[in-house]
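Listed below are the residues making up each chain.
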Amino acid sequence: MQELAKIYGDTLLLDKKFNYCPGCGHGVVTRLVAEAIEELGIRQRTVSVVGIGCGGFSHHYMDIDAIEAMHGRSPAVAIGYKTASPDKIVYTYQGDGDCSAIGLAELLHGANRGLPVTCFMINNNLFGMTGGQMSPATLENQVTATTPKGRDVHVHGYPLRVPEMMADMVGAKYVAREAVCDAKSIRKAAKSVRNALQCQIQGLGFSFVEFIVPCPTGLKLSVPDAYKWSREKMVEYFKPQVFKNEVGQNNEN
Amino acid sequence: MKSETLFLKNTQTFAEAMVRCGVRYHFAYPITPATEVMKHTAVILPEYGGRMVQMESELAVANALAGCACTGTLGATSTSGPGMALMQESISFMAAGELPCIMLDAMRVGPGDGDIVGAQSNYFQATRGGGHGDYRVIVLAPASGQEIVDLMPDAVKLAYTYRTPVLFVIDGVTCTMTESAIFPEAHDYAAGFDTSSWAYTGTADHEKRFLLTGSYTHSQGEEMNERLRAKFERIKEKEQRWESIQTEDAEVVLVGFGIHGRMGQDLVANMRAQGKKVGLIRPITLWPFPDKAFEQLPESLKSVLVVEMNHGQMLDDVRLAVNGRVPVHFLGKTGGDMPLCTLADMTAQINTLL
């Protein structure tokens, strides 16, 4: 582990047992966040506020302090934290259920408030931890544990696009949607993670990145098929793009 | 800030008292009659280097307060009934996470939206909690502006000593009353507590730590509950507070908190002047309930009368404390143009019991 630490730095806890399912996209995003923290040299002043769901595990693989908030409330907790400790770097790590179902009000008001905190929304388009139920991001006609005949949009509404709602908010300074479905998209996602944290370091305002990730277990697909499904179906509806980038440097997107 | 006497509405007194005792961040959402507190802190907190932060809901308020508390910094909130209902999730979270903070419920009539006039309708909610699981928070019930000021240093000390939310419940009648209070010299009582052993301030000076109110193994959940239970037992043993007046030879003891406790002080004086043996127990902590005040009831006691601005909530705790030794009667009302029992109502009821 000592040798690996020389390559990967101190943020990633490489000897920690992994709780994510095989093929889970969380593993990729967690590593991208850890690498950005390492690269930006902010590990010791970074605090993660994690949501309820599989994303709640994310901080266990990093040598940073963390707060496991109540379901959906991470952005409000982060705002209270940042108000009292403005010199700290605070980011939330939440799933699409945590962010866009139960916690949408806290997320959008957090974005609009414009306090420099960062929210990462990991969108696997269903409730993973509870066993693959419909989330707001579930696609039309998609079969889940609670939509056995597919999501009927006339009953359950339409798949919710979250960053689009923030694009017009003055307080939100970096808003992006990325995917981690192949090497190319992962490299782009890495840039967005850095930009979002850089936005906070510079004190510009709120920053947000959504990640389209596969959940093979929840989707009941093999790992390759889950990646293929996310790359084709998810990305078609949730188009990866940088909606807004007011970060002065690293403006590469 | 030097010692001074101020003539303020008691909601403003609450704001002044908490800021003078060390609260620097006040998270709130407008609701009658608690709004006056945030109006006041919006003005005075910047003078102390702090800030009032208005949030989008009481859900967000209580969670921002939790976030503030995670840094070790003393934060506060103030609300009234329906807002208190929305905060229950986070109060349970803060109790489980052992996060110190100051809260106020300026009680109004319930249930539902209820009414904006004062009441004591949230005794159950405050002392039992509407949140999830086996938890308690310390509940203080001052009966005047001066008592708000006098209790505030203790509230901050209790919050940090036991690492717990401390909840003031004040009936809306007391809250909206304007009266004088003597403020001692300002002192940041929170600053006297070292939070470095537990605050989540980043790993620069400590090993990784994280706030977990859930459990990854079933035994973790049990351990958390056992740890909290031991703490609640310590608080119950050490922190019961009440005022007793002339209970030693009383035939009837009146039990009331807040405005009814304050009226009880006059009632006892009036009835004693007529030679009637009436005493008063005024709980100041509602949790822990002052059971000890009822341990030494005199032989002369015929009955107890509980008076509340609700339909009988503290009544349950008084009955548990009296434990069948004498009959416990109740007088109470909630809502209306006169939302409390008058001194005449209380006197008439006691006369039937003597």
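All values reported here derive from a predicted model rather than from experimental measurement. (Residues numbered from 1 in each chain as written. Chains lettered and ligands numbered in written order. Predicted model: local features only at pLDDT ≥ 70, side-chain atom pairs only at ≥ 80, totals over all residues.)

### Remarks on the domain arrangement of chain B
Residue and element names in this part refer to chain B.
Moving on, step 1. The domain architecture assigned to chain B consists of domain 1 (4-238) and domain 2 (243-353).
Moving on, step 2. Computed from C-alpha atoms alone, the centre-to-centre distance between domain 1 and domain 2 is 28 Å.
Moving on, step 3. Tallying the contact residues gives 26 residues for domain 1 and 21 residues for domain 2.
Moving on, step 4. Every element with two or more residues in the side of domain 1 that touches domain 2 is listed here: β6 (115-118), α5 (123-127), β7 (138-140), β8 (165-171), α7 (172-176) and α8 (218-238).
Moving on, step 5. Element by element, the count of residues in the side of domain 1 that touches domain 2 is highest for α5, at four residues.
Moving on, step 6. Considering only residue class, the side of domain 1 that touches domain 2 consists of 16 nonpolar, six polar and four charged. (Domains from an automatic or database assignment. Contact = placed C-beta atoms within 7 Å. Helix = DSSP H or I, 4+ residues; strand = E, 2+ residues; numbered from the N terminus. Nonpolar A, V, L, I, M, F, W, Y, C, P; charged D, E, K, R; others polar.)

### Here we look at the confidence of the model for chain B
Moving on, step 1. Mean pLDDT over chain B works out to 97, with 100% of the residues at or above the 70 mark.
Moving on, step 2. Interface confidence for the predicted complex, given as ipTM, is 0.97, next to a pTM of 0.97. (pLDDT = per-residue confidence, 0-100.)

### Points about the sheet that holds strand β13 (residues 278-283) of chain B
Residues and elements named next belong to chain B.
Moving on, step 1. Spatially, five strands are ordered β11-β13-β12-β15-β16 in an open sheet, and the strand pairing comes out mixed. Where the open sheet ends on each side, the last strands, each with one partner, are β11 (242-245) and β16 (328-332). With strand direction ignored, the average angle separating the axes of adjacent strands in the sheet is 20 degrees.
Moving on, step 2. Alignment of strand β12 (residues 252-255) against strand β15 (residues 303-308), held across four bridges, turns out to be parallel. If you follow V252 over to β15, its bridge partner there is S303.
Moving on, step 3. Of the strands in this sheet, β12, β15 and β16 are in contact with helix α10 (residues 314-322), which crosses β15 at around 160 degrees.
Moving on, step 4. Strands β12, β13, β15 and β16 of the sheet are contacted by helix α11 (residues 343-353), whose axis makes an angle of about 165 degrees with β15. (Pairing = 2+ DSSP bridges. Axes fitted to C-alpha atoms, helices over the stretch in contact; angles between N-to-C directions.)

### Quick word on the packing of helix α3 (residues 74-84) of chain A against helix α5 (residues 104-113) of chain A
All names here are of chain A.
Moving on, step 1. Close contact between α3 and α5 brings their axes to 7 Å; oriented N to C, the two are set at 35 degrees. Across the interface between the two elements, P75, A76 and I79 of α3 pack against E106, L107, G110 and R113 of α5.
Moving on, step 2. Of the residues contributing to the contact of α3 with α5, the split by class is four nonpolar, one polar and two charged.

### Digging into the interface of chain B and chain A
One frequently used descriptor of interface size is the decrease in accessible area upon assembly of the parts.
Moving on, step 1. On the side of chain A, 28 residues touch chain B, which itself brings 34 residues to the contact.
Moving on, step 2. The class makeup of the residues in the side of chain B that touches chain A is 17 nonpolar, twelve polar and five charged.
Moving on, step 3. Pairing of strand β2 (residues 65-68) of chain A with strand β10 (residues 210-211) of chain B involves two bridges; the strand directions are parallel. Bridging from a neighbouring strand, I67 of chain A pairs with L211 of chain B of β10 of chain B.

### Things to note about the nonpolar core
Moving on, step 1. Of all hydrophobic cores here, the largest spans 187 residues; its most connected members are A64 and L254 of chain B.
Moving on, step 2. Looking at which element gives the most residues to this core, the answer is helix α3 (residues 58-70) of chain B, with ten residues.
Moving on, step 3. Split by domain, the residues of this core number at least three in each of domain 1 (4-238) and domain 2 (243-353) of chain B.
Moving on, step 4. Ignoring anything within four residues of it in the chain, the contact list for A64 of chain B reads A76, V77, I79 and G80 of chain A together with F27, V53 and M55 of chain B. (Core = buried A, V, L, I, M, F, W, Y, C linked by C-beta atoms within 7 Å. Buried ≥ 20, exposed ≤ 12 C-beta atoms within 10 Å, placed from the backbone.)

### So, the sheet that holds strand β3 (residues 89-95) of chain A
Moving on, step 1. The strand order β9(A)-β7(A)-β8(A)-β4(A)-β3(A)-β1(A)-β2(A)-β10(B) describes an open sheet built from eight strands, whose pairing is mixed. One side of each edge strand has no neighbouring strand; the edge strands of this open sheet are β9 (241-245) of chain A together with β10 of chain B.
Moving on, step 2. Note: β3 of chain A against strand β4 (residues 118-123) of chain A, five bridges, orientation parallel. Directly across from Q94 of chain A, in β4 of chain A, lies its bridge partner M121 of chain A.
Moving on, step 3. Most of the contacts of α3 of chain A go to β3 of chain A, to which it runs at about 175 degrees, and overall it touches β1 (46-50), β2, β3 and β4 of chain A.
Moving on, step 4. Each of β3, β4, β7 (172-179), β8 (206-212) and β9 of chain A touches helix α8 (residues 183-201) of chain A; the most contacted strand, β7 of chain A, lies at about 160 degrees to it.

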